[in-house]
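Each chain, written out:
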Amino acid sequence: MAHMKHNLTCRQSLASAFQALSDEALKAGWSEDDVALALAELAEERVIEVTAKVITEGFIPQLVAAGGGRNS
């Protein structure tokens with residue numbers, strides 16, 4: 001439950017900046033649909049990057065410990 005509360009707090013702290021970014025895109029002439037889709041795609045790409053980093057970093061120590069490191 002603590003993780004969910006932490007996530008909510010993070011989400012709340014980002015909400016105004018997220019809205020400002022959306023507003024700027026709308027002022028620049030993009031439609032609400034275009035803005036929403038672009039922001040969702042950017043968020044999805046970020047999640048994929050972070051997940052890949054966690055997976056990669058999680059495997060590297062295991063490889064080194066197993067003798068798979070470059071210095072072995």
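Reference entry: report on the structure contained in this document. (Residues numbered from 1 in each chain as written. Predicted model: local features only at pLDDT ≥ 70, side-chain atom pairs only at ≥ 80, totals over all residues. Heavy atoms only, no water.)

## Remarks on the overall build of the protein
When its secondary structure is counted, the protein shows 2 helices and 0 strands. Put simply, the protein has 72 residues, and 6% of those count as buried. Of the accessible surface of the protein, which amounts to about 6,500 Å², a share of 63% is contributed by carbon and sulfur atoms. (Helix = DSSP H or I, 4+ residues; strand = E, 2+ residues; numbered from the N terminus. Buried < 20%, exposed > 50% of the residue type's maximum accessible area, 1.4 Å probe, protein only. Areas by Shrake-Rupley, 256 points an atom, 1.4 Å probe, with all protein chains shown as cover.)

## A few points about the pattern of salt bridges
Under the defined criterion, the tally for this structure stands at 2 salt bridges. Between Lys27 and Glu24 there is a salt bridge, with the nearest N and O atoms lying 3.5 Å from each other. Linking Lys27 with Glu24, this pair stays in helix α1 (residues 2–27), spanning 3 residues, or about one helical turn. The class for Glu24 is partly exposed, based on a relative accessible area of 48%. Of the charged contacts, one joins Arg46 and Glu49 as a salt bridge, the two residues approaching to 3.3 Å between their closest N and O atoms. Pair noted here: Arg46 and Glu49 are both in helix α2 (residues 32–65), with a separation of 3 residues, about one helical turn. For Glu49, a relative accessible area of 47% puts it in the partly exposed group. (Salt bridge = Lys/Arg side-chain N within 4 Å of Asp/Glu carboxyl O.)

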